[in-house]
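The chain contents come next:
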Amino acid sequence: MTLGVGVIGVGMIGQDHIRRLTHVLSGARVAAVTDVDLDRARTVADDLPRATLHATGQDLIADPDVDAVVVTSWGPTHEEYVLACIEAGKQVFCEKPLATTEEACARIVDAEVAAGRRMVMVGFMRRYDEQYRAMKQVVSSGEIGLPLLMHAAHRNPSVPPHFTSDMIINDSTVHDIDVARWMFDDEIAAITVFKPRVSSKAAAGFNDPLLVLLEMTSGVLVDIEAMVNAGFGYDIRGEVVCEDGTVELSESAGALVKSAGQVSGRVPGHWRERFVRAFDTEFQAWIDAVTAGGTTGPSAWDGYAATVGCETGLAALHSGGRVPVVLRQRPDLYKEPTP
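I will try to describe carefully the structure that is included in this document. (Residues numbered from 1 in each chain as written. Predicted model: local features only at pLDDT ≥ 70, side-chain atom pairs only at ≥ 80, totals over all residues. Heavy atoms only, no water.)

As for the sheet that holds strand S9 (residues 210-216)
The strand order across the open sheet built from 7 strands is S12-S11-S7-S10-S9-S8-S15, with neighbouring strands paired in mixed fashion. Edge positions in the open sheet fall to strand S12 (245-248) and strand S15 (323-324), since each of these has one partner strand only. Sheet topology note: the strand S8 (residues 188-194)/S15 ladder contains 2 bridges and is antiparallel. Bridge pairing in S15 places isoleucine 191 opposite valine 323. (Pairing = 2+ DSSP bridges. Helix = DSSP H or I, 4+ residues; strand = E, 2+ residues; numbered from the N terminus.)

Below you can see the structure in the form of C-alpha coordinates.
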(Lines give C-alpha, C1' and ligand atoms only; values in the text may rest on other atoms or scores of the structure.)
Protein backbone atom coordinates (compact mmCIF):
# COMPACT_ATOMS: atom_id res chain seq x y z
CA MET A 1 0.00 0.00 0.00
CA THR A 2 1.17 3.51 -0.84
CA LEU A 3 -0.20 6.05 1.63
CA GLY A 4 -1.86 9.06 0.00
CA VAL A 5 -0.80 12.09 2.04
CA GLY A 6 -2.40 15.52 1.88
CA VAL A 7 -0.27 18.50 2.93
CA ILE A 8 -1.93 21.62 4.36
CA GLY A 9 0.56 24.49 4.20
CA VAL A 10 3.34 24.57 1.61
CA GLY A 11 5.68 27.16 3.05
CA MET A 12 9.31 26.37 3.87
CA ILE A 13 8.69 23.46 6.25
CA GLY A 14 5.77 22.14 4.18
CA GLN A 15 7.88 22.04 1.03
CA ASP A 16 10.70 20.37 2.93
CA HIS A 17 8.33 17.62 4.06
CA ILE A 18 6.96 17.26 0.53
CA ARG A 19 10.53 16.74 -0.73
CA ARG A 20 11.02 14.17 2.02
CA LEU A 21 7.81 12.29 1.26
CA THR A 22 8.45 12.37 -2.50
CA HIS A 23 12.18 11.71 -2.82
CA VAL A 24 13.58 10.31 0.45
CA LEU A 25 11.09 8.02 2.20
CA SER A 26 9.14 4.94 1.16
CA GLY A 27 5.49 3.98 1.38
CA ALA A 28 3.86 7.36 0.74
CA ARG A 29 3.09 9.87 -1.99
CA VAL A 30 1.78 13.43 -1.84
CA ALA A 31 -1.80 13.12 -3.09
CA ALA A 32 -3.02 16.67 -2.47
CA VAL A 33 -1.85 20.10 -1.34
CA THR A 34 -3.33 23.40 -0.26
CA ASP A 35 -2.15 26.69 1.16
CA VAL A 36 -3.58 30.10 2.03
CA ASP A 37 -1.45 31.26 -0.93
CA LEU A 38 -3.10 29.24 -3.68
CA ASP A 39 -0.63 30.40 -6.33
CA ARG A 40 2.21 28.97 -4.26
CA ALA A 41 0.25 25.75 -3.72
CA ARG A 42 -0.45 25.51 -7.47
CA THR A 43 3.26 25.83 -8.25
CA VAL A 44 4.04 23.04 -5.77
CA ALA A 45 1.24 20.81 -7.11
CA ASP A 46 2.45 21.25 -10.69
CA ASP A 47 5.73 19.57 -9.74
CA LEU A 48 4.03 16.57 -8.14
CA PRO A 49 2.66 13.68 -10.22
CA ARG A 50 -1.07 13.13 -9.68
CA ALA A 51 -1.31 15.66 -6.83
CA THR A 52 -4.61 17.51 -6.50
CA LEU A 53 -4.75 21.21 -5.64
CA HIS A 54 -7.49 22.09 -3.13
CA ALA A 55 -8.86 25.52 -2.29
CA THR A 56 -9.15 24.82 1.45
CA GLY A 57 -7.81 22.48 4.09
CA GLN A 58 -11.31 21.15 4.70
CA ASP A 59 -11.61 20.17 1.03
CA LEU A 60 -8.26 18.40 1.17
CA ILE A 61 -9.24 16.42 4.28
CA ALA A 62 -12.46 15.30 2.57
CA ASP A 63 -10.60 14.10 -0.55
CA PRO A 64 -11.04 10.27 -0.78
CA ASP A 65 -7.54 9.98 -2.27
CA VAL A 66 -6.09 11.45 0.95
CA ASP A 67 -5.48 8.68 3.50
CA ALA A 68 -3.62 10.83 6.04
CA VAL A 69 -2.82 14.50 6.50
CA VAL A 70 0.25 16.60 7.30
CA VAL A 71 -0.49 20.01 8.84
CA THR A 72 2.28 22.57 8.35
CA SER A 73 0.17 25.70 8.13
CA TRP A 74 0.24 28.78 10.38
CA GLY A 75 0.03 27.77 14.06
CA PRO A 76 -3.39 29.33 14.85
CA THR A 77 -4.97 27.21 12.08
CA HIS A 78 -3.77 23.89 13.50
CA GLU A 79 -6.73 23.30 15.80
CA GLU A 80 -9.28 23.57 12.98
CA TYR A 81 -7.47 21.13 10.71
CA VAL A 82 -6.52 18.59 13.38
CA LEU A 83 -10.10 18.49 14.67
CA ALA A 84 -11.37 18.03 11.10
CA CYS A 85 -8.97 15.11 10.59
CA ILE A 86 -10.16 13.43 13.79
CA GLU A 87 -13.79 13.88 12.73
CA ALA A 88 -12.98 12.42 9.30
CA GLY A 89 -11.20 9.45 10.89
CA LYS A 90 -7.87 10.30 9.22
CA GLN A 91 -4.49 10.14 10.90
CA VAL A 92 -2.77 13.52 11.10
CA PHE A 93 0.84 14.61 11.55
CA CYS A 94 0.84 18.14 12.98
CA GLU A 95 3.98 20.22 13.18
CA LYS A 96 4.42 21.95 16.51
CA PRO A 97 2.56 23.60 18.05
CA LEU A 98 -0.38 21.23 18.25
CA ALA A 99 -2.34 24.45 18.84
CA THR A 100 -1.44 27.89 20.15
CA THR A 101 -3.48 27.88 23.39
CA GLU A 102 -4.11 25.45 26.23
CA GLU A 103 -7.85 25.56 25.52
CA ALA A 104 -7.38 24.68 21.84
CA CYS A 105 -5.09 21.77 22.70
CA ALA A 106 -7.59 20.53 25.28
CA ARG A 107 -10.33 20.48 22.64
CA ILE A 108 -8.11 18.31 20.43
CA VAL A 109 -7.38 15.94 23.33
CA ASP A 110 -11.11 15.70 24.12
CA ALA A 111 -11.94 14.96 20.47
CA GLU A 112 -9.33 12.23 20.26
CA VAL A 113 -10.47 10.67 23.53
CA ALA A 114 -14.06 10.72 22.25
CA ALA A 115 -12.88 8.95 19.08
CA GLY A 116 -11.41 6.24 21.30
CA ARG A 117 -8.03 5.98 19.59
CA ARG A 118 -4.90 7.99 18.95
CA MET A 119 -4.98 9.78 15.62
CA VAL A 120 -2.52 12.65 16.15
CA MET A 121 1.26 12.77 16.01
CA VAL A 122 3.00 16.05 16.88
CA GLY A 123 6.27 16.99 15.17
CA PHE A 124 8.79 17.00 18.00
CA MET A 125 11.59 15.62 15.85
CA ARG A 126 14.31 15.70 18.53
CA ARG A 127 12.85 12.47 19.92
CA TYR A 128 14.03 10.86 16.65
CA ASP A 129 17.56 12.27 16.69
CA GLU A 130 20.19 9.54 17.11
CA GLN A 131 22.12 11.48 19.73
CA TYR A 132 19.08 12.29 21.86
CA ARG A 133 17.88 8.68 21.61
CA ALA A 134 21.27 7.38 22.70
CA MET A 135 21.24 9.77 25.67
CA LYS A 136 17.74 8.69 26.69
CA GLN A 137 18.71 5.01 26.44
CA VAL A 138 21.54 5.56 28.92
CA VAL A 139 19.33 7.57 31.29
CA SER A 140 16.45 5.08 31.14
CA SER A 141 18.73 2.07 31.66
CA GLY A 142 19.87 3.34 35.06
CA GLU A 143 23.47 2.36 34.28
CA ILE A 144 24.80 5.68 35.60
CA GLY A 145 22.32 6.03 38.44
CA LEU A 146 19.34 8.29 38.96
CA PRO A 147 19.24 11.55 36.96
CA LEU A 148 19.73 14.70 39.00
CA LEU A 149 20.20 17.57 36.54
CA MET A 150 20.02 18.34 32.85
CA HIS A 151 21.88 21.17 31.11
CA ALA A 152 20.62 22.24 27.69
CA ALA A 153 21.36 25.00 25.20
CA HIS A 154 19.55 26.15 22.08
CA ARG A 155 21.66 28.64 20.09
CA ASN A 156 20.53 30.09 16.77
CA PRO A 157 22.99 32.02 14.58
CA SER A 158 20.38 34.75 14.00
CA VAL A 159 16.65 35.36 13.74
CA PRO A 160 14.44 37.58 11.53
CA PRO A 161 13.66 41.16 12.65
CA HIS A 162 10.11 40.19 13.69
CA PHE A 163 11.40 37.66 16.27
CA THR A 164 10.53 38.53 19.89
CA SER A 165 11.49 37.40 23.39
CA ASP A 166 8.18 35.52 23.59
CA MET A 167 9.18 33.57 20.48
CA ILE A 168 12.32 32.34 22.26
CA ILE A 169 9.93 30.42 24.51
CA ASN A 170 7.32 29.41 21.91
CA ASP A 171 9.62 28.62 18.96
CA SER A 172 12.93 27.58 20.51
CA THR A 173 12.53 26.47 24.14
CA VAL A 174 9.41 24.46 23.25
CA HIS A 175 11.69 21.71 21.92
CA ASP A 176 13.63 21.55 25.19
CA ILE A 177 10.37 21.48 27.15
CA ASP A 178 9.28 18.43 25.18
CA VAL A 179 12.71 16.79 25.44
CA ALA A 180 12.73 17.19 29.23
CA ARG A 181 9.32 15.51 29.58
CA TRP A 182 10.36 12.70 27.22
CA MET A 183 13.87 12.22 28.63
CA PHE A 184 12.61 11.61 32.16
CA ASP A 185 9.08 10.30 31.43
CA ASP A 186 7.95 13.05 33.78
CA GLU A 187 5.93 16.25 33.86
CA ILE A 188 7.17 19.76 34.59
CA ALA A 189 6.12 21.11 38.00
CA ALA A 190 7.23 24.75 37.71
CA ILE A 191 9.14 27.14 35.46
CA THR A 192 11.33 30.17 36.22
CA VAL A 193 12.87 32.40 33.54
CA PHE A 194 15.97 34.49 34.20
CA LYS A 195 17.11 37.40 32.04
CA PRO A 196 20.92 37.60 31.83
CA ARG A 197 22.83 40.53 30.42
CA VAL A 198 21.37 41.32 27.00
CA SER A 199 23.49 40.55 23.95
CA SER A 200 24.56 43.58 21.91
CA LYS A 201 23.31 41.66 18.85
CA ALA A 202 19.72 41.70 20.14
CA ALA A 203 17.24 44.31 18.92
CA ALA A 204 16.08 47.01 21.30
CA GLY A 205 13.69 45.66 23.93
CA PHE A 206 14.59 42.06 23.08
CA ASN A 207 15.77 39.89 25.99
CA ASP A 208 18.37 37.58 24.45
CA PRO A 209 19.61 35.24 25.87
CA LEU A 210 17.21 33.73 28.39
CA LEU A 211 17.90 31.10 31.03
CA VAL A 212 14.87 28.86 31.61
CA LEU A 213 14.72 26.61 34.68
CA LEU A 214 12.34 23.64 34.65
CA GLU A 215 11.52 21.80 37.87
CA MET A 216 10.37 18.27 37.10
CA THR A 217 7.92 16.56 39.47
CA SER A 218 10.63 14.00 40.35
CA GLY A 219 12.95 16.78 41.55
CA VAL A 220 15.23 16.78 38.49
CA LEU A 221 16.22 20.33 37.50
CA VAL A 222 16.65 21.28 33.83
CA ASP A 223 18.37 24.53 32.88
CA ILE A 224 18.01 25.76 29.31
CA GLU A 225 20.15 28.48 27.80
CA ALA A 226 18.16 29.94 24.91
CA MET A 227 20.13 32.32 22.69
CA VAL A 228 18.96 33.30 19.21
CA ASN A 229 21.68 35.70 18.07
CA ALA A 230 24.72 33.52 18.72
CA GLY A 231 26.25 34.31 15.33
CA PHE A 232 28.59 31.35 15.01
CA GLY A 233 26.10 28.61 14.12
CA TYR A 234 23.14 26.47 15.14
CA ASP A 235 24.44 24.91 18.34
CA ILE A 236 22.34 22.41 20.30
CA ARG A 237 23.69 21.13 23.63
CA GLY A 238 22.42 18.59 26.14
CA GLU A 239 23.90 16.84 29.17
CA VAL A 240 22.22 14.76 31.86
CA VAL A 241 24.03 14.54 35.20
CA CYS A 242 23.29 11.33 37.10
CA GLU A 243 24.48 9.89 40.41
CA ASP A 244 27.30 7.85 38.87
CA GLY A 245 28.16 9.69 35.67
CA THR A 246 26.99 11.96 32.88
CA VAL A 247 25.80 11.52 29.31
CA GLU A 248 25.78 14.27 26.70
CA LEU A 249 25.19 15.09 23.05
CA SER A 250 28.24 15.34 20.82
CA GLU A 251 29.24 18.97 20.21
CA SER A 252 30.34 18.41 16.62
CA ALA A 253 28.27 17.55 13.55
CA GLY A 254 31.19 15.65 12.03
CA ALA A 255 34.77 14.65 12.67
CA LEU A 256 37.04 16.58 15.04
CA VAL A 257 40.36 17.46 13.41
CA LYS A 258 43.47 17.96 15.54
CA SER A 259 46.40 19.58 13.75
CA ALA A 260 49.14 22.13 14.40
CA GLY A 261 48.18 22.49 18.05
CA GLN A 262 44.52 23.18 17.27
CA VAL A 263 41.19 21.31 17.31
CA SER A 264 38.52 22.08 14.75
CA GLY A 265 35.10 20.73 13.84
CA ARG A 266 31.94 21.84 12.06
CA VAL A 267 29.04 23.60 13.75
CA PRO A 268 25.75 23.26 11.81
CA GLY A 269 24.59 26.48 10.23
CA HIS A 270 20.85 25.75 10.24
CA TRP A 271 18.26 23.61 12.04
CA ARG A 272 17.62 21.59 8.89
CA GLU A 273 21.29 20.59 8.71
CA ARG A 274 21.38 19.55 12.38
CA PHE A 275 18.13 17.57 12.39
CA VAL A 276 17.62 16.40 8.78
CA ARG A 277 18.02 12.74 9.70
CA ALA A 278 15.71 13.11 12.68
CA PHE A 279 13.00 14.54 10.39
CA ASP A 280 13.47 11.62 7.99
CA THR A 281 13.28 9.03 10.78
CA GLU A 282 10.26 10.74 12.33
CA PHE A 283 8.27 10.78 9.10
CA GLN A 284 9.15 7.22 8.14
CA ALA A 285 7.98 6.05 11.57
CA TRP A 286 4.68 7.90 11.06
CA ILE A 287 4.16 6.49 7.55
CA ASP A 288 4.85 2.93 8.75
CA ALA A 289 2.53 3.27 11.75
CA VAL A 290 -0.34 4.80 9.75
CA THR A 291 0.01 2.17 7.02
CA ALA A 292 -0.27 -0.49 9.73
CA GLY A 293 -3.48 1.10 11.00
CA GLY A 294 -2.27 3.20 13.93
CA THR A 295 0.00 6.05 14.87
CA THR A 296 3.15 6.61 16.93
CA GLY A 297 5.39 9.25 18.44
CA PRO A 298 4.55 12.40 20.37
CA SER A 299 0.83 12.43 21.11
CA ALA A 300 -1.86 15.08 21.40
CA TRP A 301 -1.23 14.96 25.15
CA ASP A 302 2.45 15.76 24.51
CA GLY A 303 1.36 18.67 22.32
CA TYR A 304 -1.01 19.87 25.04
CA ALA A 305 1.66 19.62 27.76
CA ALA A 306 4.21 21.48 25.61
CA THR A 307 1.78 24.34 24.94
CA VAL A 308 0.92 24.60 28.64
CA GLY A 309 4.66 24.61 29.35
CA CYS A 310 5.18 27.47 26.89
CA GLU A 311 2.28 29.47 28.33
CA THR A 312 3.74 28.95 31.81
CA GLY A 313 7.19 29.95 30.55
CA LEU A 314 5.76 33.17 29.12
CA ALA A 315 4.06 33.92 32.44
CA ALA A 316 7.40 33.37 34.19
CA LEU A 317 9.22 35.55 31.63
CA HIS A 318 6.85 38.47 32.17
CA SER A 319 6.43 38.12 35.94
CA GLY A 320 10.05 37.39 36.80
CA GLY A 321 8.92 34.73 39.25
CA ARG A 322 8.49 30.99 39.64
CA VAL A 323 5.23 29.83 38.05
CA PRO A 324 3.69 26.38 38.69
CA VAL A 325 2.68 24.29 35.68
CA VAL A 326 -0.97 23.23 35.98
CA LEU A 327 -2.06 20.34 33.75
CA ARG A 328 -5.47 18.69 33.53
CA GLN A 329 -5.72 15.03 34.46
CA ARG A 330 -4.09 12.85 31.83
CA PRO A 331 -6.71 10.69 30.05
CA ASP A 332 -6.22 6.92 30.05
CA LEU A 333 -5.64 7.05 26.27
CA TYR A 334 -2.24 8.64 26.96
CA LYS A 335 -1.13 6.67 30.03
CA GLU A 336 1.61 4.79 28.21
CA PRO A 337 4.82 6.79 27.48
CA THR A 338 5.12 7.66 23.80
CA PRO A 339 8.27 6.85 21.77
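Some details on the side chain of aspartate 208
Its location among the elements puts aspartate 208 in the loop between S8 and S9. The buried charged residue aspartate 208 lacks any salt bridge, with lysine 201 as its nearest oppositely charged partner at 8.7 Å. Once residues lying within four places of it in the same chain are set aside, the contact partners of aspartate 208 are Ile168, Arg197, Val198, Ser199, Ala202, Ala226, Met227, Val228 and Asn229. (Buried < 20%, exposed > 50% of the residue type's maximum accessible area, 1.4 Å probe, protein only. Lys, Arg positive; Asp, Glu negative; His and termini not counted. Salt bridge = Lys/Arg side-chain N within 4 Å of Asp/Glu carboxyl O. Contact = heavy atoms within 4.5 Å.)

A short note on the packing of aromatic side chains
Counting across every chain of the model gives 8 aromatic pairs. Note on phenylalanine 93 and phenylalanine 283: the rings are 4.4 Å apart at their centroids and 40° apart in plane angle, and the pair reads as tilted. Residue phenylalanine 93 is found in strand S5 (residues 91-95), and its partner phenylalanine 283 is found in helix H8 (residues 271-291); the two are separated by 190 residues along the sequence. Seen from their ring centres, phenylalanine 93 and tryptophan 286 are 5.8 Å apart, and the 65° between their planes marks the pair as edge-to-face. (Phe/Tyr/Trp six-rings, centres within 6.5 Å; stacked < 30°, edge-to-face > 60°.)

Side note on the sheet that holds strand S3 (residues 52-53)
Taken in spatial order, the 6 strands line up as S3-S2-S1-S4-S5-S6 in an open sheet, and their pairing is parallel. A single partner strand is all that each edge strand has here, and the edge strands are S3 and strand S6 (120-123). The sheet contact formed by strand S2 (residues 28-34) and S3 spans 2 bridges and is parallel. Note on S3: the bridge partner recorded for alanine 32 is threonine 52.

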